[in-house]
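Remarks on the overall topology
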Amino acid sequence: MAISLPLNDFPQLSRDPARLPRHVAIVMDGNGRWARRRGLGRNEGHRRGKDSVRAVVEAARELGIPYLTLFAFSAENWARPSTEVDFLMRLFHRYLLTESKRLMKRGIRILALGDTERLPPRLRHVLAETVEATRDNRDMTVALALSYGGRQDVVSAVRKIASAVVAGEISTDQIDSAAVERALTTAAMPDPDLLIRTSGELRISNFFLFQLAYTELYFTDTLWPDFRERELLSAIAAFQMRERRFGGVTPG
Ligand code: IPE
Ligand code: IPE
Ligand code: MG
């Protein structure tokens, strides 16, 4: 059962796999402001944000984007009031429970990035189960960044590499970019081609650091609970207008 995308409104958008981003990463921001503008509590914004997650996952799958990373909770978000943190943890738990059938049906593999040890045991358990149950799905990979920090990821990669050197498994001159990539939690994925951040904030907030070296950045004022299929298509259409040079020059 395919969902219908409003593709007619984006005649310039190409569905050629060679022109689509292979990996889209999203900083899902603005839930609190969405709620405040409506006189609602912040958690109501998170609740609505969950509907955007479903819409964007389905749309990305339908378009044929192979990898999607969703930054759902940063290593620094633990500093929020415990009522909000608890609500978010329960929301992630519920998301995994209610979506798992749909994810299987759509052939979606779930990966978890971040310090999942810090998550409540109940959530950790369901997350591990979902990762295991979906591991052979091949149609799309959705990585959930939970308790994720870009610096922490780099630090942990440095530790792994240092241990391998100490153990005599590799020498220091074997440490290259590819070795670092392999030691990061994103080892199983290509670098993002497109980073989307909602809510008008123009910063990375300790999301992917190493991985964003040549990623195209797309910032939109739209708040995450309002970000749906249409906004994703706009971002991809904008991406397709970019000229990626990777430090080189374009002939002609
Ligand atoms: C993003 O929305 C969700 C998380 C960081 C978990 P926010 O909760 O950061 O919403 P704003 O930025 O306060 O509006
Ligand atoms: C970044 O948003 C983290 C996530 C969206 C999960 P924040 O709302 O935590 O970022 P800052 O605090 O505005 O930089
Ligand atoms: Mg925010």
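Everything in this summary refers to the structure shown in the same document.

Cut-offs used in this document
Residues numbered from 1 in each chain as written. Chains lettered and ligands numbered in written order. Predicted model: local features only at pLDDT ≥ 70, side-chain atom pairs only at ≥ 80, totals over all residues. Heavy atoms only, no water. Pairing = 2+ DSSP bridges. Helix = DSSP H or I, 4+ residues; strand = E, 2+ residues; numbered from the N terminus. Axes fitted to C-alpha atoms, helices over the stretch in contact; angles between N-to-C directions. Contact = heavy atoms within 4.5 Å. Near = heavy atom within 4 Å. Polar contact = N/O pair within 3.5 Å; in protein donor to acceptor, adjacent residues only side chain to side chain. Areas by Shrake-Rupley, 256 points an atom, 1.4 Å probe, with all protein chains shown as cover. 1 Å grid on protein atoms, 1.4 Å probe; cavity = no way out; pocket = protein on both sides within 12 Å on 5 of 7 lines; lining within 4 Å. Sits in = over half its atoms within 2 Å of the grid points. Nonpolar A, V, L, I, M, F, W, Y, C, P; charged D, E, K, R; others polar. Expected span 1.5 Å × (residues − 1). Buried < 20%, exposed > 50% of the residue type's maximum accessible area, 1.4 Å probe, protein only. Arc of directions from axis to C-beta. Patch = residues over 30% accessible without salt bridge, like charges linked within 9 Å, V, L, I, M, F, W, Y side chains within 5 Å. Salt bridge = Lys/Arg side-chain N within 4 Å of Asp/Glu carboxyl O. Lys, Arg positive; Asp, Glu negative; His and termini not counted. Charge placed at Lys NZ, Arg CZ, Asp CG, Glu CD. Points joined across faces, edges and corners; volume = space filled by probe spheres on them.

We now examine the sheet that holds strand S4 (residues 140–148). The sheet built from six strands is open, its strands ordered S3-S4-S2-S1-S5-S6 with parallel pairing. Either end of the sheet is taken by a strand with one partner, and the two such strands are strand S3 (108–113) and strand S6 (216–219). The mean angle between the axes of side-by-side strands here comes to 20°, regardless of whether they run parallel or antiparallel. Together, strand S1 (23–27), strand S2 (67–74), S3 and S4 form the strand contacts of helix H2 (residues 42–63), whose direction differs from that of S2 by roughly 160°.

With that settled, consider the site of ligand 2. The local shell around ligand 2 consists of Val27, Met28, Asp29, Phe71, Ala72, Phe73, Ser74, Asn77, Arg80, Arg197, Arg203 and Ser205. Here arginine 80 contributes a side-chain N or O atom positioned 3.2 Å from an oxygen atom of ligand 2. Note that an oxygen atom of ligand 2 is positioned 3.3 Å from one of the side-chain N or O atoms of arginine 197. The fraction of the free accessible surface of ligand 2 (390 Å²) that becomes covered by protein chains is 79%. A majority-of-atoms criterion places ligand 2 in the largest pocket. Take the shell around ligand 2: its biggest share by element is four residues, from S2. When the residues that make up the shell around ligand 2 are grouped by side-chain class, the tally is five nonpolar, three polar and four charged.

Once that is clear, we can look at helix H4 (residues 121–133). Between its first and last C-alpha atoms H4 spans 18 Å; for 13 residues at 1.5 Å apiece the expected length is 18 Å, and the two agree. Turning to H4, its buried residues are Leu123, Val126, Leu127 and Thr130. Down the axis of H4, the smallest arc covering the buried residues is 105°, so these residues share one side. On its buried face, H4 sits against helix H3 (82–105), S3 and S4.

For ligand 1, the set of nearby residues contains 13 residues, the closest of which are Asp29, Gly32, Arg33, Arg42 and Arg80. In this structure, glycine 30 approaches ligand 1 through a main-chain N or O atom, which is 3.3 Å from an oxygen atom. In the environment of ligand 1, an oxygen atom lies 2.9 Å from a nitrogen or oxygen atom belonging to the backbone of glycine 32. In the complex, 87% of the free accessible area of ligand 1, which totals 380 Å², lies under the protein chains. Structurally, ligand 1 is housed in the largest pocket. For the shell around ligand 1, the elements supplying multiple residues, two or more each, are helix H1 (31–37), H2 and H3.

A contiguous patch of positive charge, built from Arg36, Arg37, Arg38 and Arg48, is present on the exposed surface. Topologically, arginine 48 is positioned in helix H2. By relative accessible area, arginine 48 is classed as partly exposed at 35%.

Let's shift gears to H2. The end-to-end C-alpha distance of H2, which contains 22 residues, comes to 31 Å, matching closely the 32 Å that a straight helix rising 1.5 Å per residue would cover. At the C-terminal side of H2, glycine 64 shows a positive phi close to 95°.

Another aspect to go through is the side chain of threonine 134. Considering the arrangement of structural elements, one finds threonine 134 in the loop between H4 and S4. Judged by relative accessible area, threonine 134 falls into the buried class, the value being 1%. Setting aside its immediate chain neighbours within four residues, threonine 134 contacts Met104, Ile108, Arg109 and Ile110.

Turning to the layout of surface pockets, a few remarks are in order. Gaps left between atoms are located by rolling a probe of water-molecule size over the structure's atoms. In this model, the largest pocket occupies a volume close to 650 Å³. Along the walls of the largest pocket sit 32 residues, with Met28, Phe71, Ala72, Phe73 and Asn77 positioned nearest its centre. Broken down by secondary-structure element, the contributors of at least two residues to the lining of the largest pocket are H1, H2, S2, H3 and S4. Within the lining of the largest pocket, the residues separate by chemical class into 15 nonpolar, eight polar and nine charged. Within this model, the second largest pocket holds a volume of roughly 160 Å³. For the second largest pocket, the full set of lining residues is Ala75, Gly114, Asp115, Arg118, Ser147, Tyr148, Gly149, Gln152, Asp153, Ser156, Arg159 and Thr185. At the level of secondary structure, the elements contributing two or more residues to the lining of the second largest pocket comprise S4 and helix H5 (150–166). Broken down by element, the residue count for the lining of the second largest pocket peaks at four residues, all from H5. For the lining of the second largest pocket, the class distribution of residues is two nonpolar, six polar and four charged.

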